[in-house]
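What the coordinates show
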Amino acid sequence: LGYLERYEEALGILSRGIAMAPDYIDLHIAAARIKGWMGRLDEAEADIAGILVKDPGNTDAQELRQQQAKYRGQDEKLMWRLDTGYDQSRFNRVSRKDWHEEYIQVTLGTKQTQAHLRAERSRRFGEFDTYVRTGASHRLNDDLGGYINFGITPAASFLPRWKAETGVDYRL
């Protein structure tokens, strides 16, 4: 079930197994592994420490501890990304000029928390607007996150002069 990313279900089954056979170390190792995959690294590390207290020479637990340390290092590693894009909207059935929009965005952060700076240039109705936005996002877990953005349009023609956005996102 863990490989199918049905983590909660897998943990439920493992918890029942641990309740029936608390000395069966492999169940504890499997539960710690699933918690690590879920991003619950502190819980996984506590489980591994408990296993190593009972069985200090357990190579599976030692290897899992090393893997968890790598996961934690990946989450805390600072990364950057550059994104660009261009959109064009054509209005063939009405006599209206096409809309053109392009952007460039630089994002800096970890897998869990990121900040970005974005510049957009839009051409609509024969007018140009430049929009600059900064913001941050934070993953609460693998599925749920939140964000906040602030943007301004100096000398706005058709875009809002300023905009504030906040919200949550949920991955399906």
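Look up a bit, the structure's there.
Residues numbered from 1 in each chain as written. Predicted model: local features only at pLDDT ≥ 70, side-chain atom pairs only at ≥ 80, totals over all residues. Heavy atoms only, no water.

**Some details on the packing of helix 2 (residues 25-37) against helix 3 (residues 41-54)**
Note the following rule: Where helices are involved, their axes are fitted lines through C-alpha atoms of the stretch in contact, as for all axes, and angles between N-to-C directions lie from 0 to 180°. Only DSSP runs of H or I covering at least 4 residues are called helices, and only runs of E covering at least 2 are called strands; the numbering of each starts at the N terminus. Here is the rule for angles: anything less than 35 degrees is roughly parallel, anything more than 145 is roughly antiparallel, 65 through 115 is roughly perpendicular, and the remaining ranges are oblique. Each helix crossing is assigned a hand: it is left-handed if the near helix lies turned anticlockwise from the far helix by less than a right angle, otherwise right-handed if that turn is clockwise. Contact between two residues is taken to exist if any of their heavy atoms lie within 4.5 Å; hydrogens are not considered. Here the term charged refers only to Asp, Glu, Lys and Arg, the term nonpolar to Ala, Val, Leu, Ile, Met, Phe, Trp, Tyr, Cys and Pro, and the term polar to all other amino acids, Gly among them.
Look at helix 2 against helix 3: their axes get within 8 Å of each other, and the N-to-C directions meet at 160 degrees. Here helix 3 runs roughly antiparallel to helix 2, going by the angle between their axes. Where helix 2 crosses over helix 3, the handedness of that crossing is left-handed. When helix 2 is examined against helix 3, the residues Ile25, His28, Ile29, Ala32, Lys35 and Gly36 are found in contact with a partner set consisting of Leu41, Glu43, Ala44, Asp47, Ile48, Ile51 and Lys54. Tallied by class, residues from the contact of helix 2 with helix 3 come to seven nonpolar, two polar and four charged.

**Observations concerning the packing of aromatic side chains**
Inclusion rule: Put simply, two rings from Phe, Tyr or Trp (the six-membered ring, in Trp's case) pair if the centres are within 6.5 Å, and we call them stacked under 30 degrees between planes, edge-to-face over 60, tilted for the rest.
In the structure shown here, the tally under the stated rule is three aromatic pairs. An angle of 50 degrees between the planes, with centres 6.4 Å apart, marks the rings of Tyr7 and Trp37 as tilted. Here Tyr7 is found in helix 1 (residues 7-20), whereas its partner Trp37 is found in helix 2, with 30 residues between them in sequence. Look at Phe125 and Phe158: their rings are 6.0 Å apart centre to centre, the planes differ by 80 degrees, and that puts the pair in the edge-to-face class.

**A few points about the sheet that holds strand 6 (residues 162-170)**
Where we set the bar: Two strands form a pair only when DSSP identifies at least two bridges running between them.
The sheet built from six strands is open, its strands ordered 1-2-3-4-5-6 with antiparallel pairing. In the strand order of this sheet, the two ends are held by strand 1 (79-89) and strand 6, each with one partner. Ignoring which end each strand starts from, the neighbouring axes of this sheet average 15 degrees apart. Where strand 2 (residues 99-109) lies against strand 3 (residues 113-124), ten bridges are found, and the strand directions are antiparallel. The residue of strand 3 that forms the bridge with Glu102 is Arg121.

**Section: the pattern of salt bridges**
Opposite charge on two side chains permits them to pair, given that their charged atoms come into close proximity. Our working rule: Each salt bridge in this description consists of a side-chain nitrogen of Lys or Arg and a carboxyl oxygen of Asp or Glu lying within 4 Å of one another. Between buried and exposed lies partly exposed: a residue is buried under 20% and exposed over 50% of the maximum accessible area for its type, with that area taken using a 1.4 Å probe on protein chains only.
What the rule picks out here adds up to eleven salt bridges. Residue Asp47 is joined to Lys35 by a salt bridge in which the shortest nitrogen-to-oxygen separation is 2.8 Å. Of this pair, Asp47 sits in helix 3 while Lys35 sits in helix 2, and the two are twelve residues apart along the sequence. On the basis of relative accessible area, Asp47 is assigned to the partly exposed category, the value being 24%. Judged by relative accessible area, which is 15%, Lys35 ranks as buried. Between Asp83 and Arg81 there is a salt bridge; the shortest N-O distance is 2.9 Å. Residue class for Arg81 comes out partly exposed when judged on its relative accessible area of 41%.

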